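# Notes for the structure review
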Amino acid sequence: MISDSRRKRLTALILFVLVVLMAFVCLFVGSSRMSLSDCLRALAGKSTAANNRIIWNIRLPRVLAALIAGAGLAVSGLIMQTNLNNSMASPSTLGVSNAAVFGANLSIIAFAGGFLDTGNNVLNIDTVANPFSTSIMAFVFAVISILLILGLCRLRSFSPNIVVLAGIAIGSVWTAATTILQFYATDVGLSAAVIWTFGDLGRATYRTDLIMLIVVGAGIIAFLLLSRRYDALLSGDAVAISVGVNVRVLRFVSLLLSSMITAVCVSFLGVIGFVGIICPHVVKKLLGQEHFWSISATALTGSLLLLFADTLSRSMGNGSALPVGAITSMLGAPFFIAIIFRKGGRSDA
Amino acid sequence: MLEVRDLVFGYDRQNPVLKGVNLSLEEGRVGILLGRNGAGKTTLFKIMTGVLKPDSGSILYNGKDLLQMSRRERAGIVAYVPQQIDFGALTVYQTVLTGRVSYYTVKPSASDLKVVERILSEMELEDVSCRNVLELSGGERQKVAIARAMAQEPKVLVFDEPTGNLDIANELLIINEAKKIAHEKGITVISSIHDLNQAMYFGDVFFFMKDGEIKVSGGSGVFDEKIINDIYGVAARVVESCGEKIIQYHKESGK
């Protein structure tokens, strides 16, 4: 027992150190080609005004967003997978991302959302522009989707298969509605709406980071408190109920919190795929599924992956950062395929 | 004393699965439910453990209705080893510890850990306690499932199809383990099993179920050709060998 616990502590510690190191790498890499000493001086507020601004106003909010959203999306994926007893479940299983994309599209195309200043149906953008209007609309529709699905699934006692199927069905409705909306959009509106869906950490500000931190932090603390119940749930609903777990309430609270985390991250940063699938699977391989440790390690792995993807996206973009959502998906898709094929094993001829 | 009184349950009201089940089982005895697939055995077990809610009736343990208890209270009385056992990627120790969930809110106490260590030692699982359950053999996994149930420190152990996918050696290992739990610890064990010869070896009291009711109950004396034919629709012969009853089936008589 002691060796198992020590191994987990050591792994968490190594991940923590890697996250800190990666955060500094991410902070010091960028298109302005600042030297390491300039970066350190700027971090201390002792470099030129421009350098100080780059570090404190551009890179640091971005690094914080990667730390928080990476942890949030990864843990959200883990909790979805445990609660739905489905290794392919993701933070967006309840159609959260599709709904958020619809909300953002509606804001940008129909109401000239101020976030990107590219609305096409209002003559004077300044009259309606609010830096958060697109994010607010995205969040509102994500929450509507969550409540709709959880409300429907309540009728069937949150049976995991029903939740997954309802998520697919409602998610496809949002996608269809987005397509119709985009069909009527102008070129400018359409391009702005499409660009919004690319996950981009560059949209983060200290204020959005704080909001994400509150939601993600509260969610992770709640998940850690419930971690022993998730361990029991791994043996199936019947066993979990028989050992005294209120599976219905546990599943409702867990799905709600993990979807809220996803909603807030997607609303502020756009769609960042696969973090919620890759990280829980890597941690499961490394540490097993004891949730107290796997939640902690998954959060750290999520931060690490998003920091790495963001650093990569800014290094590859030749001056302008590639969408981080595309990088995480490109890293994630082969992994996802590997899981699918490994799970199927050898098929009968 | 475990008593089931007039228990009625149906997934839809028109076709009840259980149509007024009555049974009683004394402390430290092994009761075996027998009957064809779909007779309602697993449904009865799921009601006992709180997985399903009955339409009417009661389940009493020493006069207290299990159905009126909180989940936590019931978990301290009834433990369940289901037919289909799933495990996560946890060690044996962590898996057995999940049996203590009803005893603490956030973190297991030192006494919870002591109970787990005692159970692992009693069930001779100490050597594999740090191993991933998914790496164990079928028999060892079944033992882990029993150990988790025992970690609840229950008064009643509900054991659905304990020997389902096991070879004969593991089958006997598990049956003997369950008998030991009943006879040495005084825990009431209620189980279901399809092999009638194994059932006679395993159980003290037998309940033959058909169409959602218990048709016949009693000691091993109840096994005869007529009841086997009535319940299973199979022609059988009960012979005695070395003082033990053995049931032989006419292999072409299954309906």
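Residues numbered from 1 in each chain as written. Chains lettered and ligands numbered in written order. Predicted model: local features only at pLDDT ≥ 70, side-chain atom pairs only at ≥ 80, totals over all residues.

### Considering the interface of chain B and chain A
Worth spelling out the cut-off: Once C-beta atoms are placed from the backbone, any two residues with those atoms within 7 Å are in contact. Residue type decides the class: Asp, Glu, Lys and Arg count as charged, Ala, Val, Leu, Ile, Met, Phe, Trp, Tyr, Cys and Pro as nonpolar, and the leftover types, Gly among them, as polar.
Contacts between chain B and chain A engage 28 residues on the former and 22 residues on the latter. Considered class by class, the residues forming the side of chain B that touches chain A number 13 nonpolar, 11 polar and four charged.

### Topic: the domain arrangement of chain B
Residue and element names in this part refer to chain B. Applied cut-off: Delimitation of the domains relies on an automatic or database domain assignment. Elements are defined by DSSP. Helices are runs of H or I of four residues or more, strands are runs of E of two residues or more, and each kind is numbered from the N terminus.
In terms of domains, chain B is made up of domain 1 (1-77 + 154-224) and domain 2 (89-153). When each unit is reduced to the centre of its C-alpha atoms, the spacing between domain 1 and domain 2 is 23 Å. Across the boundary between the two partners, domain 1 contributes 13 residues, which contact 10 residues of domain 2. Counting only elements with at least two residues in the side of domain 1 that touches domain 2, the list comes to α2 (71-75) and α6 (168-185). The leading source of residues in the side of domain 1 that touches domain 2 is α6, at five residues. Taken together, the residues that form the side of domain 1 that touches domain 2 break down as eight nonpolar, three polar and two charged.

### With respect to the sheet that holds strand β3 (residues 30-34) of chain B
All names here are of chain B. Put simply, the test is: Two strands qualify as a pair provided that DSSP identifies no fewer than 2 bridges between them. Each axis is a line fitted through C-alpha atoms, taken for helices only over the stretch in contact, and angles between the N-to-C directions span 0 to 180 degrees.
If you walk across this open sheet you meet the six strands as β6-β7-β8-β3-β9-β10, and the pairing is mixed. A strand with exactly one partner marks an edge of an open sheet, and here the two such strands are β6 (78-81) and β10 (213-218). Strand-to-strand twist of the sheet, defined as the mean angle between neighbouring strand axes without regard to direction, takes the value 20°. As paired elements, strand β9 (residues 205-210) and β10 share five bridges and run antiparallel to each other. Residue pairing in the sheet places F206 in a bridge with G218 of β10. The sheet contacts of helix α5 (residues 138-151) involve β6 and β7 (156-159), and relative to β6 the element is tilted by about 170°.

### Digging into the confidence of the model for chain A
All names here are of chain A. To keep things clear, this is the line we draw: On a scale of 0 to 100, pLDDT captures the predictor's confidence in every residue.
Taken over all residues, the pLDDT of chain A has a mean of 85, while the share at 70 or more is 90%. Model confidence for chain A, summarised as mean pLDDT per element, is weakest for helix α14 (residues 324-344) at 74 and strongest for helix α8 (residues 206-225) at 96. The low-confidence segment residues 114-129, where pLDDT is below 50, has 39 contacts with residues more than four positions distant or belonging to other chains.

### Remarks on the packing of helix α4 (residues 96-110) of chain A against helix α5 (residues 133-154) of chain A
Residue and element names in this part refer to chain A. This is how it is decided: Our angle categories are set so that under 35 degrees counts as roughly parallel, over 145 as roughly antiparallel, 65 to 115 as roughly perpendicular, and the remainder as oblique. Each crossing gets its handedness from the near helix: less than a right angle anticlockwise from the far helix is left-handed, clockwise is right-handed.
At their nearest, the axes of α4 and α5 sit 7 Å apart, and the two run at 140° to each other. In terms of their interaxial angle, α4 and α5 are classed as oblique. With respect to the hand of their crossing, α4 and α5 are arranged in right-handed fashion. Judged by residue contacts, V96, A99, A100, F102, G103, A104, L106, S107 and I108 of α4 engage S133, T134, M137, A138, F139, V140, F141, A142, I144, S145 and I146 from α5. In terms of residue class, the contact of α4 with α5 is made up of 15 nonpolar, five polar and no charged.

### Considerations on the pairing of strand β4 (residues 56-61) of chain B
In the case of a regular strand, side chains alternate between the two sheet surfaces. Residues and elements named next belong to chain B. Sheet topology places strand β1 (residues 2-9) next to β4; five bridges connect them, and they run antiparallel. Opposite L2, over in β4, you have Y61 as the bridge partner. As paired elements, β4 and strand β5 (residues 64-65) share two bridges and run antiparallel to each other. When the sheet's bridge partners are listed, Y61 is paired in β5 with K64. The turn joining β4 and β5, which pair antiparallel and follow one another in sequence, is formed by two residues; a positive phi near 45° is taken by N62.

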